[in-house]
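For reference, the chains in residue letters:
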Amino acid sequence: MAVVALSSASPHNRGLKAALLLPGLLGLALSFLLPLAWLLRISFGSNAKATDWTLQHYASVLADTFYWKVAFNTFLLAGLVAVLAVLLSYPIALFLARTQSRWRGALVALAIAPLLTSTVVRTYGWMVILGDQGLVNGGLHWLGLIADPLPISNNFFAAVVALTELLMPYAILAMLSGLGRLHADYEDAAALLGANRWRVLWRIVLPLSLPGIATGALLVFVLALSSFVTPRLVGGGRVFVLATEIYGEATVTLQWPLAATLAILLLLLFGSVITLYQRVLTASERRLGEAERRMALSSKPLHTALYRSFIALLYLFLLAPIVIVFVVSFDTRPYLSFPPESLSLASYRLVLQNEAFLHAFRISMGVGLAAAALALAAGTGVALALRRPGRGNGLLGWLFVSPLLVPNIVLGVALLLVLSVLGLLDSWAGLVLAHTGITLPYVVRTVSMGLRAVDPRCEEAARTLGASPATVFRRITLPLIAPGVVAGGVIAFLISFDEAVISLFITGTRTSTLPVEVYRYIEYRTDPQVAALSVLLILVSVVAVVVVERLLGLRKALQ
Amino acid sequence: MQEAPDGQIDQARDTAYVRIEALAKRYPGQTGAAVDGVGFTLARGDMLALLGPSGCGKTTVLRMIAGLVPADAGRVLLAGRDLTAVPIHQRNIGMVFQSYALFPHMTVAENVAFGLEMKRVDRASRTLRVRQALDMVRLEGLDSRPVRRLSGGQQQRVALARALASEPDVLLLDEPLSNLDALLREEMRSEIRTLQKRLGMTTIFVTHDQDEALSMADHVAVMHGGRIVQFGTPEAVYERPADRFVAGFIGRANLLDGHVLGHDAGTHVTVEIDGIRRFSVPLHGAAPAPGTPATLVLRPHRLKLLDATTPAGPQAAHGTLESLAYRGDLLTLGVRIGAQLLRIEAPAGRSAAGTVPAVGAAVAIGWDTDAATWIGI
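What you see is a predicted model; the values in this text were computed from it and never measured.

J.: Can you lay out the overall build of chain A for me, pointing to particular residues and giving the numbers?
T.: Secondary structure summary: chain A contains 25 helices and zero strands in total. Of all 559 residues assigned to chain A, the portion counted as buried reaches 48%. The contacts in chain A between residues at least 6 apart in sequence include a share of 81% that link residues at least 24 apart.

Below is the structure:
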């Protein structure tokens, strides 16, 4: 009996679906589910071998006022950052949603491209800007306005500023998609009813963009809640948040059960904020109803010069760390200071002679390529399987994006614990496994998105024209999803290439990746060599961004 | 419903070239069957319209014939070959999709050549046949154009050429004209009809547009609730609708309820409609007993407005003009006679000008002896 249709649930098809899912499920289990389960187990043990059960860590954490202070600090940081990022991002999003400029595409890309540059690099940029001899203090001193440096580095303030900038692109993205729903007719209607521009903004635009603002705020809040690299580096070891505590317990004091407990608590906080938010959002969506879902581009430009200068300033803030890194990289002095005295390529020469950096670069490239290839192979299979009708698709789809809902700092501890048991710490295999796990969700999503754009009627048409299912896949489906597959691969490579937190936990000297090497370097030094290296890292990102933009549209790929 | 005559196989192959037997389909999670025992036969070279409102199961029938939807029960036979268990790609069926489903990553010529390629036609004759197919739908010279850069009408022609190029045994069209604007639709209607007749291509198409069905098809299968409620020539389904649904769905109709009074000489039956009067209608089939409830179909254009002084009689009645709408080529009038509201369509224009009474006026309406059709209940 032959297979009659693509969609029929014959045993043959079910077997195929299982085969397509298997590599992805295996990868997910090894790199995500197992580590999380083990993390939970260890948090209930008195030692890292899980030989007994105890609640002592939870009890001691909850009884210790220090941790309550740290938790308060974490929430304060995340809250401040969320408020600031939303305030600064909303004007940009509003501007991008309604500008008619032919540079619109480029401006959108510019606003969200920082997402694709390494957190470590941008954090380094902020260290240069805020440092005692950095852009701000150096500039003010040079102008003769101050004698001693302002206290704007190595403290809470610095962490707030840097994190705000780092997370703004997420807020812009979220708000942009919210604003896309705003129908220009609403504004026209309000204006015809006698509302002036500010009243239109206050009474119509702002209320209707509240869901987008809420999404942006939540995204920034949860990302700030679990951020590690920025508070740690810009805070100069003087900003204590849950993430830095987890890292300290896991890698310095080596109290793994305690680190596991803190990670689980952070995960719980993370989860409850998201759940709470989902409740609120669904309620407000229900209230706003369907009318707002119509996609339309608002076309009311706000044309004042003042407004444009304001937007330009916000862009400057957004791109400041990247620009500054670029400038400093040409400095000649062996220590960080601003402004540069003279320009040269000396730093680049030093970087290219630095054996540690070159080694790390090779590791990063190798791991990135291997992880991207594995994630692509497994993720494409998953996306294809999920497209076939079946009962478990909802659950499976959720399962494969769930790693995106777990902060990297938590995954980092979890992987540290599991890989140490498996004897894979500081090994290629361990690193590739971890990176495949974090990139798999992105590949599944990107390829699924590509598949959604494929008209199933086209595949049916090919069948009626005499093509077998295999031929249909080769001649119709595959060519149509190729851009999505390539974009998924590039994004996977880039995520792996820029990843610092998880790698910090699981690599030692043998397999430290480039971002890890940079992190460890700038923990103690901030000389221009790192700036030159950062520029090289940014260039890798730029190439990838251009490729993705060409293939898919950057905004679509990141959403 | 037509049945294939028992007799010689060759003859059966032509008169019952397509033979659909008791197809049934129930989609999981849906109450009721989407298709519930659909069967018909179609002679070679004929064109059949599957006509019905959305959700009546017509597209599912078409997709079961193509093999795109597996049938729960029933058989599909084509030229004596049982296709029921044959995979889609071995059925040799041409299909034009509602959205055309042109392959977006291929040019016009590559799209048209795809079916030939699958049949392993060699390159030289492939090129020739692609050219012929494109000429046939009057798309010469667009071979290397990407399909994204075609107008709706052009896409529809490419889809047709692609389906026909590999010389299928039967052509299936799923709402082929619904994505075109009104003018182009008229043009494509006659073009598809001409092409179909010239090629002698056995064709089944799905539509919800009764105009399309009546003007293009040799036979119309009216579907409702997953079943074929009437199968016949366009004239038969319009003039002698099988039931209330068909009468209401195809064309505009006044449906008048009454009861049978008696019959004359076995050829006509007399029906009394409450409040209006008696109609004498041609009888099909067995004569009903007096007193049986009956419904009459009166097409609005078969009614006419008479001079108000015309006496009521066997072919005229008095009423009040309740509504009046000017529609360019037609005047639509609503005339109330007792409890019945009758819709009348009269040609508008100079000759009618000045004779139209005002709303609220007393009017008389008349009809020809054969204007009414009896549809039982």
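Moving on, there is more to tell.
J.: I'd like a description of the sheet that holds strand β3 (residues 47-51) of chain B, backed by residues and values.
T.: All names here are of chain B. Here six strands make up an open sheet; going across it, the order is β6-β7-β8-β3-β9-β10 and the pairing mixed. The open sheet has two free edges, formed respectively by β6 (93-96) and β10 (227-232), since each of these has just one partner strand. Each adjacent strand pair in this sheet contributes to an overall mean axis angle of 20°, direction not counted. Inspection of the sheet shows β6 paired to strand β7 (residues 170-174) by four bridges, in the parallel sense. The residue bridging V96 from the neighbouring strand is L173, located in β7. Along the sheet, helix α5 (residues 152-165) makes contact with β6 and β7, crossing β6 at roughly 175°.

J.: Just give me the short version of the domain arrangement of chain A, but keep the residues and values in it.
T.: Residues and elements named next belong to chain A. Looking at the assigned domains, one finds that chain A contains domain 1 (8-46 + 345-559) and domain 2 (65-328). Each of domain 1 and domain 2 has a C-alpha centre, and these two points are 25 Å apart. The interface is formed by 41 residues belonging to domain 1 together with 40 residues belonging to domain 2. Contributing elements (two or more residues each) for the side of domain 1 that touches domain 2: α1 (11-43), α18 (408-422), α21 (469-498), α22 (501-506), α23 (514-522), α24 (528-552) and α25 (554-558). Here the side of domain 1 that touches domain 2 is composed, by residue class, of 30 nonpolar, seven polar and four charged.

J.: Before we move on, can you summarise the interface of chain A and chain B with the specific residues and values?
T.: Across the contact, 21 residues belong to chain A and 23 residues belong to chain B. At the level of secondary structure, the elements contributing two or more residues to the side of chain A that touches chain B comprise α20 (456-464) and α21 of chain A. For the side of chain A that touches chain B, the leading source of residues is α20(A), giving seven residues. Split by residue class, the side of chain A that touches chain B holds 13 nonpolar, four polar and four charged.

J.: Provide a residue-level description of the domain arrangement of chain B, including the pertinent values.
T.: Parsing chain B into structural domains produces domain 1 (9-247) and domain 2 (252-374). Tallied by class, the residues present in the side of domain 1 of chain B that touches domain 2 of chain B amount to two nonpolar, no polar and three charged.

J.: Talk me through the environment of L384(A); I want residue IDs and the actual numbers.
T.: When you line up the elements, L384(A) lands in helix α16 (residues 355-387). Remark: the alpha-carbon pair of L384(A) and L313(A), spanning 71 residues in sequence, is separated by 45 Å.

J.: Explain the nonpolar core residue by residue, including any values.
T.: Counting residues in hydrophobic clusters, the biggest one holds 163 residues, and the most contacted among them are L167(A), A171(A), V220(A), A224(A), I246(A), A263(A) and V413(A). Ranked by residue count, the leading element in this core is helix α7 (residues 156-179) of chain A, at 17 residues. For this core, the two domains that each supply at least three residues are domain 1 (8-46 + 345-559) and domain 2 (65-328) of chain A. Among residues more than four places away in sequence, those in contact with A263(A) are L39(A), I246(A), V410(A), V413(A) and A414(A). Grouped together as the second largest cluster of nonpolar side chains are 117 residues, V35(B), A66(B), A113(B) and V260(B) included.

J.: So what's going on with the confidence of the model for chain A? Which residues, and what values?
T.: Detailed reading of the predicted model is not advised wherever pLDDT is low. Residue and element names in this part refer to chain A. When pLDDT is averaged along chain A, the result is 84, and 90% of the positions lie at 70 or above. Mean pLDDT across the secondary structure elements of chain A bottoms out at α25, with 56, and peaks at α20, with 94. A low-confidence stretch, residues 1-9 (pLDDT under 50), is modelled with 22 contacts involving residues beyond four sequence positions or located in other chains. Predicted confidence for residues 289-299 stays below pLDDT 50, and this span has 18 contacts to residues more than four positions away or in other chains.

J.: Which residues make up α20(A), and what are the values?
T.: Residues and elements named next belong to chain A. Of all the nine residues making up α20, seven are buried; the element is thus mostly covered by neighbouring parts of the structure. Within α20, burial applies to C458, E459, E460, A461, A462, R463 and T464. Where α20 ends, the next residue or the one after it, G466, has phi of about 105°, a positive value.

Basis of the calculations
Residues numbered from 1 in each chain as written. Chains lettered and ligands numbered in written order. Predicted model: local features only at pLDDT ≥ 70, side-chain atom pairs only at ≥ 80, totals over all residues. Helix = DSSP H or I, 4+ residues; strand = E, 2+ residues; numbered from the N terminus. Buried ≥ 20, exposed ≤ 12 C-beta atoms within 10 Å, placed from the backbone. Contact = placed C-beta atoms within 7 Å. Pairing = 2+ DSSP bridges. Axes fitted to C-alpha atoms, helices over the stretch in contact; angles between N-to-C directions. Domains from an automatic or database assignment. Nonpolar A, V, L, I, M, F, W, Y, C, P; charged D, E, K, R; others polar. Core = buried A, V, L, I, M, F, W, Y, C linked by C-beta atoms within 7 Å. pLDDT = per-residue confidence, 0-100.

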